[in-house]
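# Architecture and fold: a report
Listed below, chain by chain, are the residues.
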Amino acid sequence: MSNLDLRPAPNRCGGNGRTGPVRDVQPGKQVPLGESTLVRRLLPNLGRRMVGAWCFIDHYGPDDITDEPGMQVPPHPHMGLQTVSWLHAGEVLHRDSLGSLQTVRPRELGLMTSGRAIAHSEESPRSHPAMLHGAQLWVALPGEHRNAAPAFEHHTELPVITGGGGLCATVILGELAGAASPGTTYSPLVGADLTLTDGTDTRLPVDPDFEYAALTISGESEIDGVRLAPGSLLYLGSGRTELPLRARTDSGLMLLGGEPFEERLVMWWNFVGRSHDDIAQAREDWTAGTRFGEVHGYDGAPLPAPELPPLPLKPRGRER
Ligand code: MN
């Protein structure tokens, strides 16, 4: 997925310490993605740029795309991050400049590491299931790995943890309660998909050194006593050893966390950098058709980069 804003605000990220437990509901905003998809952008939001190394969260659907093209995101570049594709319904066809061509289906991990440079496109296949529902997330690469070799991984077997009274947790990326995803990570973090059956009342063990946030995918649940509807992010802070979870209906959540990301970052369009010059160079290279490589097979032109804002971009911390 791409940030398709024509004039994206400069979202800058980076360091300070742990907060202790909090329950801070942070509203997302509805953002158009291409011509036919509306997404709920939960991170960055008005209060926060990052949760651990997670620096971007879009939740979309469930949408009935029976008579529509569905997701159509033309080739675009990334730098300094990993993208995570996670579906509850539908299919997304991923193409990238390494030559990857992969259909990602529900409950499979599509994990792309941009390192210094990659380009990709994402589309609903021409013949696709009726419903499309999922999330697209970005993880910032720490400085020592930001020039890692670009890679695409597709994992269909992910560890599942079951807990008291109807909790089922799939570890998408990183580690949760001793279970680790096979996806490559570059900093201590977790991304998990939680399914709770009606009446679930349980506690999920979590890492006190991680900060966490949760979002509701479907149904009605309470996270540490907070009822959360789709469209908002619940920031939970750090310092917890367990997280109380209750469900009033069958419901779905995502839990994201990690060690607070201490580096200050510049996040603009589809790039995570350390300075204005990093970003300006990446933009110039994409516009010149160098560095990021070519995506083959997508029916349409690559996305042009937006104009840089008039003032230099500054590296910023993880909170606003
Ligand atoms: Mn993308």
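The rules behind the values
- Residues numbered from 1 in each chain as written.
- Predicted model: local features only at pLDDT ≥ 70, side-chain atom pairs only at ≥ 80, totals over all residues.
- Heavy atoms only, no water.
- Phe/Tyr/Trp six-rings, centres within 6.5 Å; stacked < 30°, edge-to-face > 60°.
- Buried < 20%, exposed > 50% of the residue type's maximum accessible area, 1.4 Å probe, protein only.
- Helix = DSSP H or I, 4+ residues; strand = E, 2+ residues; numbered from the N terminus.
- Contact = heavy atoms within 4.5 Å.
- Pairing = 2+ DSSP bridges.
- Axes fitted to C-alpha atoms, helices over the stretch in contact; angles between N-to-C directions.

Applying the stated criterion across every chain yields a total of seven aromatic pairs. Taking the centre distance of 5.6 Å and the plane angle of 85° together, the rings of tryptophan 269 and phenylalanine 271 count as edge-to-face. What makes tryptophan 269 buried here is its relative accessible area of 3%. Take phenylalanine 271: its relative accessible area is 0%, and that puts it in the buried class. Ring centres 6.0 Å apart and planes at 80° place the aromatic pair tryptophan 286 and phenylalanine 292 in the edge-to-face group. Each of the two residues, tryptophan 286 as well as phenylalanine 292, counts as buried. In textbook terms, an aromatic cluster arises when at least three aromatic residues are bridged by ring pairs, as seen for Trp268, Trp269, Phe271, Trp286 and Phe292.

The residue tyrosine 186 is located in the loop between β16 (179-180) and β17 (189-196) in this model. Owing to a relative accessible area of 24%, tyrosine 186 belongs among the partly exposed residues under this scheme. Setting aside residues no more than four positions away along its own chain, tyrosine 186 makes contact with Gln82, Thr113, Leu141, Pro142, His145 and Ala148.

Reading across the sheet, the seven strands line up as β3-β4-β5-β12-β7-β10-β13 and stay open at both edges, with antiparallel pairing between neighbours. Because the sheet does not close on itself, it has two edges, and the strands there are β3 (29-33) and β13 (151-155). For this sheet, the mean angle separating the axes of adjacent strands, direction not counted, is 20°. As defined by bridge partners, strand β4 (residues 37-43) adjoins strand β5 (residues 54-64) across four bridges and the pair is classed as antiparallel. Counted as the bridge partner of arginine 41 is aspartate 58 from β5.

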